[in-house]
Number of protein chains: 2
Amino acid sequence: MEFIVQKFGGTSVGSIERIQHVADLVIEEHERGHGIVAVVSAMGHSTDELVSLAAGITDQPSKREMDMLLTTGEQISISLLTMALQAKGYAAISLTGWQAGITTESVHGSARITDINTKRIQSYLQKGTIVVVAGFQGLSAEQEITTLGRGGSDTTAVALAAALKAKKCDIYTDVTGVYTTDPRVVKDAYKLDEISYDEMLELANLGAGVLHPRAVEFAKNHNVILEVRSSMKHENGTIVRGECNMEQQSIVKGIAFEDNITRVTIKGLHQGKLSTIFSILASAHINVDIIIQSITNEGTVHLSFSIHSNDLKETLAVLEENREAMHYESVEYENHLAKVSIVGSGMVSNPGVAAQMFSTLQEENIHIKMVSTSEIKVSVVIDRLNLVKGVEALHESFMAKIEPLVSVN
Amino acid sequence: MEFIVQKFGGTSVGSIERIQHVADLVIEEHERGHGIVAVVSAMGHSTDELVSLAAGITDQPSKREMDMLLTTGEQISISLLTMALQAKGYAAISLTGWQAGITTESVHGSARITDINTKRIQSYLQKGTIVVVAGFQGLSAEQEITTLGRGGSDTTAVALAAALKAKKCDIYTDVTGVYTTDPRVVKDAYKLDEISYDEMLELANLGAGVLHPRAVEFAKNHNVILEVRSSMKHENGTIVRGECNMEQQSIVKGIAFEDNITRVTIKGLHQGKLSTIFSILASAHINVDIIIQSITNEGTVHLSFSIHSNDLKETLAVLEENREAMHYESVEYENHLAKVSIVGSGMVSNPGVAAQMFSTLQEENIHIKMVSTSEIKVSVVIDRLNLVKGVEALHESFMAKIEPLVSVN
């Protein structure tokens, strides 16, 4: 028997009606002869409600007790989904994280899965029972209930799929798949049939937001085939896997973008102080993205880096505080910027992609303020006012060559 | 170090404010140098809310999935109470039923505790950590989450007190203790200082409702001293134990009563058919209370028994259906009756108690329709209209001899 792991997020199980609908999706796949493990998140806003209960008690709840509290959310979902499956006449059983054999690190709030003992799950699957597992949670070696942190249910699903050697892992969300870019911004954006793990990672990190990077990383490491699809609309989603079918695929897979970027420039820096600066910023939890340095005639360095605009105040404070240790001349910054990235594995063997990106932007009179490249991504920082125009032009230039894919069934 | 187990019911932890108050009660006892295990129920109406979620899915949820669902209620309470204790500066930890080492039968919905491994709890207590345990729940040998059924949190608390050889087990409720009778009906009713397990059992079964009979039974078998007390008012409650201080104690400890009683009489029955009748009624889940039989001149039997009036329709139907097997002449019934019971261990050595009860009722012109006696209880069935008058007269006759106890602090 082939197994399929299906993951349903909070919105998908947000009400009694939705849970009934999810039960139908599970049954449909079960009727195709697959052994089904359904991983579910907490219902809709129930996690927020639990968090606000805790906030009523204290503004500094211990992570251990928060895990104890929050894991009830998924426990409620799994029991309700299982009741729905049973009421529709199917054998089903719910399992908490620890009952499902999920062992994690001894960390609260963001533990990593260290092992999955699938014996209990397998025994139910062999009998044809649908297994409903609580996402986001596990058990440490000390018999403590732990949670996996943000995107935890995705990780649970992918890890179970890996451990069970499942045929694939379906991630049901409130979007129909992975799009070439945000369809709310670019009307020609279309859903991709396939995307590679690395491309998905770049898109996810850049804010596509449908699949947690940790889960994609896990899927990549264990070669688990994912499908991102809608729990509302009945159509094929986007397959995420290692090697994609290159036919009819463009070099660029997607265009990601991000608003609220600020560029900070430190002038007259001594070369040796670079690591000092970034360690200090890291310990202040300031996320630095693109970094550029240029050497001046005087032998000192001009250093520019991009940050989220929300971190500007903190960044300037940290730089001022550590002025002596860093030994620089001056600090400047530019607000109201945006970052646009084109992502695609095809770039590796197509060196003209970056050039095409720059010329496309140039034709629109968009000035490029920073550039960063990786094997499968080129990112540029531009003026925020040019963001939509830039993304539309890039989508037209890179993505419009192929026919928009028509959804099947 | 001496241990105290404290049990807080749903009303006591019904809101954030109440949980903060419960934390203070726990801390107060902890500050007296005791090792504290606090057992808590689900918050206020949260169990009802979970039940109605399940009802939205199906009207026949499996007991196993109901246990999975309902046990989240206590898990939420224990985490919140623990956060409150920590926020007030005390070391505390929450434990689910299975983490607390509570093993039960492999039954869902009403499992009995079979074993408690206190190793984990003891290790925390030794370090001075307050342990907060989820009531009502345990784990079966098959690693299934189970619940203990009605009054389950009381049972958890008493069982933990027995396993830990605790000094006592405090049951915090929304009443200040055990009363001589219902103070809403008899204004002279007063709180008892002490009561024996057996007296408490008779009173609890008769509807005093502050402590579950199963928990009292458990306390009796393991000699656990209980105190029923209020989580709202700061005063001594009622101690429940094996041997009570007899000084200043009356023979009768309390007067319990129950409304909505119906007497059913089966006439012309063959002696040998008695067991048939009660097996058939039992299998129809009809609870029969007082049973009286009288032998007629014809050698047949007249059988009378009391039931709750709600069961009358079902009882008559069952008797009619099985008329042939039971082989009786006719069935009669009388509605609108009530039962009054006087309870007290002192009766055993005071044979005049029943006589005093009858004469007291006679003086009020109350006709006694049925009588039943046990070693520590005399029950009579009377007309419902005479209930309040009867209870008041009995309270005056048996209970008013001693000074009403004044609450301390």
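Cut-offs used in this document
Residues numbered from 1 in each chain as written. Chains lettered and ligands numbered in written order. Predicted model: local features only at pLDDT ≥ 70, side-chain atom pairs only at ≥ 80, totals over all residues. Heavy atoms only, no water. Helix = DSSP H or I, 4+ residues; strand = E, 2+ residues; numbered from the N terminus. Rg over C-alpha atoms; globule rule 2.2 N^0.38 Å. Buried < 20%, exposed > 50% of the residue type's maximum accessible area, 1.4 Å probe, protein only. Contact = heavy atoms within 4.5 Å. Areas by Shrake-Rupley, 256 points an atom, 1.4 Å probe, with all protein chains shown as cover. Lys, Arg positive; Asp, Glu negative; His and termini not counted. Charge placed at Lys NZ, Arg CZ, Asp CG, Glu CD. Buried area = accessible area lost by both parts, 1.4 Å probe. Salt bridge = Lys/Arg side-chain N within 4 Å of Asp/Glu carboxyl O. Polar contact = N/O pair within 3.5 Å; in protein donor to acceptor, adjacent residues only side chain to side chain. Phe/Tyr/Trp six-rings, centres within 6.5 Å; stacked < 30°, edge-to-face > 60°. Domains from an automatic or database assignment. Arc of directions from axis to C-beta. UniProt positions renumbered as here; feature names shortened; annotations may be inferred.

**Overview of the overall build of chain A**
- Regarding its fold elements, chain A presents twelve helices and 18 strands.
- Relative to the compact-globule value of 22 Å for 409 residues, chain A shows a C-alpha radius of gyration of 24 Å, a close match.
- Judged by the C-alpha coordinates and their principal axes, chain A covers about 75 × 55 × 35 Å.
- Evaluated residue by residue, chain A yields a buried proportion of 55% over its 409 residues.
- Considering only contacts within chain A whose residues lie at least 6 apart along the sequence, 74% involve residues at least 24 apart.
- Total accessible area computed for chain A in this model is approximately 17800 Å², and 48% of it derives from carbon and sulfur atoms.
- In chain A, 34 side chains carry a positive charge and 50 a negative one; their mean positions are 3 Å apart.

**A look at the interface of chain A and chain B**
- Counting residues at the interface gives 43 residues for chain A and 42 residues for chain B.
- For the pairing of chain A and chain B, the buried interface totals around 3200 Å² over both sides, and the portion due to carbon and sulfur atoms is 66%.
- Our count for the contact surface shared by chain A and chain B stands at two salt bridges.
- For Glu144(A), the salt bridge goes to Arg120(B), with nearest N and O atoms at 3.5 Å.
- The tally of links between chain A and chain B comes to 18 residue pairs in polar contact (both at pLDDT 80 or more).

**Quick notes on the packing of aromatic side chains**
- The full count for this structure, using the stated rule, is five aromatic pairs over all chains.
- An angle of 20° between the planes, with centres 4.6 Å apart, marks the rings of Phe8(A) and Tyr172(A) as stacked. Here the residue Phe8(A) occupies a position in strand S1 (residues 3–8), and Tyr172(A) occupies one in strand S9 (residues 168–173), the gap between them amounting to 164 residues. The burial state of Phe8(A) is the same as that of Tyr172(A); both residues are buried.
- The interplanar angle of 70° and the centroid separation of 5.8 Å between the aromatic rings of Phe278(B) and Phe305(B) together place this pair among those described as edge-to-face. Residue Phe278(B) is located in helix H8 (residues 274–283), and its partner Phe305(B) is located in strand S15 (residues 301–308); the two are separated by 27 residues in the primary sequence.
- Looking at Phe305(B), the relative accessible area reads 0%, which means it is buried.

**A few points about the domain arrangement of chain A**
Residue and element names in this part refer to chain A.
- When its domains are assigned, chain A resolves into domain 1 (3–241) and domain 2 (254–399).
- Measuring from the centre of the C-alpha atoms in domain 1 to the corresponding centre in domain 2 gives 34 Å.
- On the side of domain 2, 20 residues touch domain 1, which itself brings 14 residues to the contact.
- Across the interface of domain 1 and domain 2, roughly 1400 Å² is buried in total on both sides, 64% from carbon and sulfur atoms.
- Here domain 1 and domain 2 share one salt bridge between them.

**Examining the pattern of salt bridges**
- All chains considered together, the criterion is met by 48 salt bridges over all chains.
- The salt bridge partner of Asp198(A) is Lys220(A), with a shortest N-O separation of 2.8 Å. Of the two residues, Asp198(A) is situated in helix H6 (residues 197–208) and Lys220(A) in helix H7 (residues 213–222); the sequence distance between them amounts to 22 residues.
- The partner of Arg229(B) in a salt bridge is Glu227(B), and the shortest N-O contact between them spans 3.7 Å.
- Taking the relative accessible area as the measure of exposure, Arg229(B) reaches 12% and is therefore buried.
- Members of the salt-bridge network, linked through shared partners, are Arg64(A), Glu65(A), Glu144(A) and Arg120(B).

**Focus on the side chain of Gln6(A)**
Residue and element names in this part refer to chain A.
- On the secondary structure map, Gln-6 appears in strand S1.
- A polar contact of 3.5 Å, which involves the side chain of Gln-6, links it to the side chain of Tyr-172.
- With residues up to four places along the chain from it excluded, the contact list for Gln-6 reads Leu-25, Val-26, Glu-29, Ile-36, Val-37, Ala-38, Val-39, Asp-170 and Tyr-172.

**Some points on helix H4 (residues 119–126) of chain B**
- Along H4(B), the positions that sit buried rather than exposed are Arg120(B), Ile121(B), Tyr124(B) and Leu125(B). Burial along H4(B) is one-sided: seen end-on, the buried residues are contained in an arc of 135°. Opposite the buried face of H4(B), at more than 90 degrees from it, the exposed residues are Lys119(B) and Gln126(B).
- Those residues of H4(B) that are buried are in contact with helix H3 (63–87) of chain A together with strand S1 (3–8), strand S2 (35–40), strand S3 (92–95), strand S6 (130–134) and helix H5 (152–163) of chain B.
- Just downstream of H4(B) lies Gly128(B), where phi reads positive at about 85°.

**So, the UniProt feature "domain: ACT" (unreviewed entry) in chain A**
- Here the UniProt feature "domain: ACT" (unreviewed entry) sits at residues 262–336 and 342–409 of chain A.
- Across residues 262–336 of chain A, the secondary structure splits into 32% helix and 41% strand, with the terminal C-alpha atoms separated by 7 Å.

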